[in-house]
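# Observations on the three-dimensional arrangement
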Amino acid sequence: MTLAAPAPIGLSPVLITGGAGFIGANLADRLAQDGEHVLLLDSLARHGVERNVDWLKARHPSKISMVAADVRDLGACADAASSASAVFHFAAQVAVTTSLVEPREDFSVNAAGTLGLLEALRARATRTPLIFASTNKVYGDLANIPLDLKDGAYRPADELLARRGIAESQPLDFHTPYGCSKGAAEQYVLDYARSFGLPTAVMRMSCIYGPRQMGTEDQGWVAHFLLKIAAGEPITIFGDGHQVRDILFVDDAVQTYVEARRRIGRIAGRAFNLGGGAANAVTVRDVIARAEALLNRQAAIDFQPWRAGDQRYYVSDTRQVRAALGLPAPLGWREGMARLADWIRSNENAELSAPTAFEQVGT
């Protein structure tokens, strides 16, 4: 793959750190379609993401530029941000499992890398918007919420909570080095709005899925399941498979980020939960059953013990983000999975499967 030069002098591109990754590439495609110039900064450490860059350059040869650099490279980040009109910060070490093996590496990418980027923006005369991709892991394992196992799914005993999901008022409770590093990073992002007037906002993402995702069992698990089933390979489930998550199709996530930038003046300094909401709450077993039906294959499943920090239940209460950004109802999970399955089938000759989470350190 040939890397493009940085955006031409005189342009003010949108900078996407981690832009070769799943959500970053989909967002870059949307912005380029809208006529924006986009500068990707990515170390290309994650397996297979070069294909996303090639895809973007083929679709938008005059709109996409690329800098191959690590988010911890302060000089590269400062140069990339020097003329940016806005920054979407996705660059991260993404695996809980990796954070347990290499906590310092995890911290240096997620927390220190984010702080360095914020400092680069603070040094500019202009106030450049930054929107940060955080995680629902900042709420911890939610073990203090009483759950019932009913009809094959963990649900809160509190009926109102079960209908709405976890709101932003839920106390933060960082678990695992990954939760700590992402949680620390998001708090810096929010405080730079308060202390320095930077227009920043945070999206605490639940499970985002869709085309161009090279998932693992630890991150991007919906795509991971479909890829494994399509390849006739076994799936590992940590826990009993009755755990509940809300899943959100990537186009809806992209729309959220686009609207967040448009309305950054209204939402600066705020953190929002971003997920599929109660209407898209599914169990791990639901996703596997749907994948089996879509791919006409039966999954081979290996059950393993629960991992540190695993949530038996997490569903985003999305009322705040939808109200603040004027978002429509998201795509239903059954249709979204069908679209993902179509993409997998159309790329069946490509190497889409990623290594295990233990082998990865993303940008």
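Higher on the page you've got the structure.
Residues numbered from 1 in each chain as written. Predicted model: local features only at pLDDT ≥ 70, side-chain atom pairs only at ≥ 80, totals over all residues. Heavy atoms only, no water.

### Some words on the nonpolar core
Ranked by size, the top nonpolar core spans 41 residues in total, and within it Ile-16, Leu-27, Leu-40, Phe-88, Met-203 and Tyr-257 carry the most contacts. The leading source of residues in this core is helix H1 (residues 22–33), at 7 residues. Dropping the residues within four chain positions of it, Leu-27 is found in contact with Ile-16, Phe-88, Phe-90, Val-254, Tyr-257 and Val-258. Within the second largest apolar cluster, 29 residues are counted, among which are Val-222, Phe-225, Ile-237 and Ile-247. (Core = buried A, V, L, I, M, F, W, Y, C linked by side-chain atoms within 4.5 Å. Buried < 20%, exposed > 50% of the residue type's maximum accessible area, 1.4 Å probe, protein only. Helix = DSSP H or I, 4+ residues; strand = E, 2+ residues; numbered from the N terminus. Contact = heavy atoms within 4.5 Å.)

### Thoughts on helix H8 (residues 221–231)
Turn by turn, an α-helix covers 3.6 residues, leaving residues three or four places apart pointing in a common direction. Across the 11 residues that make up H8, a large majority, 9, are buried. Buried residues of H8: Trp-221, Val-222, Ala-223, His-224, Phe-225, Leu-226, Leu-227, Lys-228 and Ile-229, and no others. Packing partners of the buried residues in H8 comprise strand E9 (207–209), strand E10 (235–238), strand E11 (244–249), helix H11 (284–295) and helix H13 (333–346). Following H8 by one or two positions, Gly-232 has its phi on the positive side, about 70 degrees.

### A short note on the side chain of Ser-181
Within the fold, Ser-181 resides in helix H7 (residues 176–196). Residue class for Ser-181 comes out buried when judged on its relative accessible area of 2%. Within polar-contact distance, the side chain of Ser-181 engages the side chain of Asp-106 at 2.7 Å. Beyond its immediate stretch of four places on either side in the chain, Ser-181 contacts Asp-106, Phe-107, Asn-110 and Ala-111. (Polar contact = N/O pair within 3.5 Å; in protein donor to acceptor, adjacent residues only side chain to side chain.)

### Here's the deal with the packing of aromatic side chains
Tallied over the full model, the rule gives 7 aromatic pairs. One aromatic cluster is present, formed by Phe-88, Phe-90 and Tyr-257 through successive ring pairs. Taking the ring centre of Phe-196 as reference, the NZ or CZ of Arg-122 above it sits at 4.3 Å. Over the ring of Phe-249 we find Arg-339, and its NZ or CZ is 5.7 Å from the ring centre. (Phe/Tyr/Trp six-rings, centres within 6.5 Å; stacked < 30°, edge-to-face > 60°. Lys NZ or Arg CZ within 6 Å of the ring centre and 35° of its normal.)

### Considering the sheet that holds strand E1 (residues 14–17)
Taken in spatial order, the 7 strands make up an open sheet running E3-E2-E1-E4-E5-E8-E12, and their pairing is parallel. The strands lining the two open edges of the sheet, one partner per strand, are strand E3 (64–68) and strand E12 (270–274). Taking the axes of each pair of neighbouring strands and ignoring which way they run, one obtains an average angle of 20 degrees across the sheet. Looking at chain direction, strand E2 (residues 38–42) and E3 are connected through 5 bridges and run parallel. Across the sheet, residue Asp-42 finds its bridge partner in E3, namely Ala-68. Packing against the sheet, H1 makes contact with E1, E2, E3, strand E4 (86–89) and strand E8 (200–205), and its axis sits at approximately 165 degrees to E1. Across the sheet, H7 lies against strand E5 (130–135), E8 and E12, angled at about 155 degrees from E5, the strand it touches most. (Pairing = 2+ DSSP bridges. Axes fitted to C-alpha atoms, helices over the stretch in contact; angles between N-to-C directions.)

### Let's talk about H1
The end-to-end C-alpha distance of H1 is 17 Å, a good match for the 16 Å that 12 residues give at a rise of 1.5 Å each. A large share of H1 lies buried, amounting to 10 of its 12 residues. Just downstream of H1 lies Gly-35, where phi reads positive at about 95 degrees. (Expected span 1.5 Å × (residues − 1).)

### A word on the pairing of E11
The element E11 is extensively covered by neighbouring structure, given that 6 of its 6 residues are classed as buried. Looking at chain direction, E9 and E11 are connected through 3 bridges and run parallel. Each residue of the ladder has a partner; that of Ile-208, found in E11, is Leu-248. As judged from the 2 bridges shared by E11 and strand E15 (residues 313–314), these two strands associate in the parallel manner.

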